[in-house]
Amino acid sequence: MITHPSRHCTVELQALPSRIRQVRRIVSAQLRYWHLDPLIDKAMLGVTELLTNVHRHAGPDKMCTVEIELLLDRLTVSVHDHDPHLPQPCEADPLATCGRGLALVAAVSESWGARPQGEHGKVVWFTLPAPSAAMPLPTMPEYRVPDAIPELDSSVDRHAARHAPARSAVVG
């Protein structure tokens, strides 16, 4: 029996250092919204390592999609990129400055893996156990147009203003 619905968040980006920082902030904010604060550090470490691998190893466009999904008691973080080569964990030399990313993901996660997506690249993912005390999402207040935009002139079509398309941006 499902006790609460799936919660899902997707971010598309080019895996560049400045964008990776933005995704870390988005993941952190989303987990706070879902009342999963205890998972923030592990999720941010894991997503940083996976995005760094895309930055270092994926093709020249470095485009990828990060998905986080909470389903019952499990948080899954996945990164899809267009490079078909599956990551290979390796044992890094003690003095090496790279080569430990997948080992870190394995160390902080409950499980991890990679699956090919044919000519569309691959998905690398990891899971974290969600605390059983994850609280349900708060209900969002309903705003009426006069409350939200008090200066709205009466000659403006309030229905059109209320249903205008949403836009957002992340400032770096």
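Below: a short report on this structure.

Cut-offs and rules
All chains use their own residue numbering, which begins from 1 and follows the written sequence. It should be noted that, the model being predicted, local features are given only for residues of pLDDT at least 70 and side-chain atom pairs only at 80 or more, the latter also being counted only at that level, while totals for whole chains, interfaces and linings use all residues. The side-chain values count all of the structure's non-hydrogen atoms but skip hydrogen atoms and water molecules. The classification of residues rests on relative accessible area computed with a 1.4 Å probe and restricted to protein chains. Under 20% of the type maximum is buried, over 50% is exposed, and intermediate values are partly exposed. Starting at the N terminus, helices and strands are each numbered in turn, a helix being any DSSP run of H or I of at least four residues and a strand any DSSP run of E of at least two. The rule for pairing is simple: two strands pair if DSSP sees at least two bridges between them. Throughout this description, the term nonpolar core refers to a set of buried Ala, Val, Leu, Ile, Met, Phe, Trp, Tyr and Cys residues connected via side-chain atoms within 4.5 Å. Residues are treated as being in contact if the distance between any of their heavy atoms lies within 4.5 Å. Salt bridge, as used here: a side-chain nitrogen of Lys or Arg that lies within 4 Å of a carboxyl oxygen of Asp or Glu.

As a further point, take the pairing of strand 3 (residues 74-81). Across the 8 residues that make up strand 3, a large majority, 6, are buried. Here 8 bridges tie strand 2 (residues 63-71) to strand 3, and the two strands are oriented antiparallel to one another. Bridge pairing in strand 3 links E69 to T76. Taken together, the 8 bridges between strand 3 and strand 5 (residues 122-129) define a ladder with antiparallel strand orientation. Its bridge partner being in strand 5, D81 is matched across the sheet by K122.

Here the focus is the nonpolar core. Grouped together as the largest cluster of nonpolar side chains are 32 residues, with contacts concentrated most on V23, L31, W34, L51, L75 and V79. Breaking this core down by element, the ones donating at least two residues are strand 1 (7-14), helix 1 (17-33), helix 2 (40-57), strand 2, strand 3, helix 3 (101-108) and strand 5. Excluding anything up to four places from it in sequence, L31 contacts L36, D37, L39, I40, A43 and L75.

Time to look at the pattern of salt bridges. All chains considered together, the criterion is met by 3 salt bridges. Between D73 and R74 there is a salt bridge, with the nearest N and O atoms lying 3.9 Å from each other. Since its relative accessible area comes to 42%, D73 is described here as partly exposed. Taking relative accessible area as the criterion, R74 reaches 27% and is therefore assigned partly exposed. In this structure, E110 engages R74 in a salt bridge whose closest nitrogen and oxygen atoms are separated by 3.1 Å. Linking E110 in the loop between helix 3 and strand 4 (111-116) with R74 in strand 3, this pair joins segments that are 36 residues apart in sequence. The exposure class of E110 is partly exposed, given its relative accessible area of 43%. Salt bridges linked by common partners bring D73, R74 and E110 together as one network.

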